[in-house]
Amino acid sequence: EVFLPSLNQSDPRNRDSLDVSVIIVSYNTCEMTLTCIDSVFRETQQHSLGTIVVDNASNDDSAQAIGKKFPLVRLIASKENLGFAAGNNLAARGAQGKYLLLLNPDTVVLNGAIDRLVDFAERHPEGGIFGGRTLFGDGSLNPTSCWRAPSAWGLTCRALGISGLARNSPLFNYDSYGGWARDTMQPVGIVSGCFLLIRRDLWNALGGFDESFFMYGEDWDLCLRARKLGTECLLCPAAEIIHYGGASETVRADKIVRLFRSQSLLFHKHWGRVQAALLVALLHLWAISACLTGSVSRYLGRSGASDGGRVWLEVLRRRGEWRGQGET
């Protein structure tokens, strides 16, 4: 069940045709979500917009606080946690914008970023999905705004810990575009769903997110399917936001298990059986390597090593939850 109030027609930005519909899916991030919405309205002055928030059954009174502070926002208060993919799909069905902007609640829009991203999309008709430059709260680069499509080489480097040791290497941190500060425009493999602009006609052609992905991986799947249709995923360096990351999921082992499950599903969906099995095996190697590293660090008395080792040991113990995803 959802509560779906009508749009307040006194808002001049609520029209039959909007430039962009901003969609935010929140879960127990009340204060961050309020800050995010405030930044959307404050920093978007050049393009007409409508904002839709799906609250996934938060228990921190998020829905009530959002409805009270932002009566012009279209609020969908779900009675259950629909997940990220289904939540966005639900909101998109009622969206009116030429573009849809998917925005995480743990973000802050900076310096007209939405206006800049829409302008960029208008100048680049070859693109269908667009992302921007994300920063941590201290203003340093958060490189997770985009990725290459998954590869055996990239996963091998990550599994062996090479990527972490050579973060600025385009060879050894391959999947993360190591060494690129996201300060130039270029096509990318994957645009993160934390700040993802998509043409509405492309969204409709793709059928939105695949709801087999409850959380994590749905944005990767969307971009891979878009590229199969011949459209580019482009990054606009002038559109900047703060993205804190991980605000709605704080148990690290659960987060890694969800991530691995989504990656396994992605591999089986987009690659052949043999290649998918290889990529899943590399996830397993990653977990084993991280667990061994944690054990060595604990032996050497490094701070935090015990917790890290226990987290990865739990991930290994729960491998049945992620290794076989997508197999028939």
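Above this text you will find the structure in question.
Here the structure is a predicted model, which is why all the values come from computation and not from measurement.

A. Spatial organisation of the overall build of the protein. Counting its regular elements, the protein contains 11 helices and 12 strands. Evaluated residue by residue, the protein yields a buried proportion of 54% over its 328 residues. Partitioning the intrachain contacts of the protein with sequence separation of at least 6 by distance along the chain shows that 78% fall at a separation of at least 24. Summed over all atoms, the accessible surface of the protein reaches about 14,800 Å², with 52% contributed by carbon and sulfur.

B. Inspection of helix 3 (residues 83-93) at higher detail. Counting buried residues in helix 3 gives 9 out of 11 residues, a clear majority hidden from the surface. Within helix 3, burial applies to Gly83, Phe84, Ala85, Ala86, Gly87, Asn88, Asn89, Ala91 and Ala92. In this fold, the buried residues of helix 3 make contact with strand 1 (18-26), strand 2 (49-56), strand 3 (74-78), strand 4 (97-103), helix 7 (200-206) and helix 8 (218-228).

C. Inspection of the packing of aromatic side chains at higher detail. Here the structure, examined in full by the defined rule, presents 12 aromatic pairs. Judged by centre distance (5.9 Å) and plane angle (40°), the ring pair of Phe84 and Phe209 falls under tilted. Note that Phe84 is positioned in helix 3 and Phe209 in the loop between helix 7 and helix 8, a separation of 125 residues in sequence. Its relative accessible area of 15% is what places Phe84 among the buried residues. By relative accessible area, which is 3% here, Phe209 ends up buried. A centroid spacing of 5.2 Å and a plane angle of 70° characterise the contact between Trp203 and Phe209, whose relative ring orientation is edge-to-face. Among the aromatic residues, those joined into a cluster by ring pairs are Phe260, Trp286, Trp312 and Trp322. Here Arg148 stacks its cationic end above the ring of Tyr174, 4.2 Å away from the centre of that ring.

D. How the structure looks around a nonpolar patch on the surface. A surface patch of nonpolar side chains, about 360 Å² in accessible area, is lined by Trp153, Leu171, Phe172 and Tyr174. Among the secondary structure elements, Leu171 is positioned in the loop between helix 6 (162-165) and strand 9 (186-187). Judged by its relative accessible area of 46%, Leu171 is partly exposed.

E. The arrangement of the packing of helix 8 against helix 9 (residues 252-270) in detail. With their axes 10 Å apart at the nearest point, helix 8 and helix 9 run at an angle of 20° to one another. Considering their axes alone, helix 8 and helix 9 lie roughly parallel with respect to each other. Both helix 8 and helix 9 take part in a crossing whose hand is right-handed. Between helix 8, through Trp220, Asp221, Leu224, Arg225 and Lys228, and helix 9, the contact on the second element is made entirely by Gln263, Leu266, Lys269 and His270. Its residues assigned to classes, the contact of helix 8 with helix 9 shows 3 nonpolar, 2 polar and 4 charged.

F. Representation of the state of the cysteines within the structure. The full count for this structure, using the stated rule, is 0 disulfides. Take Cys146: it sits in no disulfide, and the sulfur closest to it among the cysteines is that of Cys194, at 9.9 Å. Accessibility expressed as a relative area gives 0% for Cys146, which makes it buried.

How each quantity is defined
Residues numbered from 1 in each chain as written. Predicted model: local features only at pLDDT ≥ 70, side-chain atom pairs only at ≥ 80, totals over all residues. Heavy atoms only, no water. Helix = DSSP H or I, 4+ residues; strand = E, 2+ residues; numbered from the N terminus. Buried < 20%, exposed > 50% of the residue type's maximum accessible area, 1.4 Å probe, protein only. Contact = heavy atoms within 4.5 Å. Areas by Shrake-Rupley, 256 points an atom, 1.4 Å probe, with all protein chains shown as cover. Phe/Tyr/Trp six-rings, centres within 6.5 Å; stacked < 30°, edge-to-face > 60°. Lys NZ or Arg CZ within 6 Å of the ring centre and 35° of its normal. Patch = residues over 30% accessible without salt bridge, like charges linked within 9 Å, V, L, I, M, F, W, Y side chains within 5 Å. Salt bridge = Lys/Arg side-chain N within 4 Å of Asp/Glu carboxyl O. Axes fitted to C-alpha atoms, helices over the stretch in contact; angles between N-to-C directions. Parallel < 35°, antiparallel > 145°, perpendicular 65-115°, else oblique. Left-handed = near helix turned anticlockwise from the far one by under 90°. Nonpolar A, V, L, I, M, F, W, Y, C, P; charged D, E, K, R; others polar. Disulfide = S-S within 2.5 Å.

Functional significance is not addressed by these values, which are geometric in nature.
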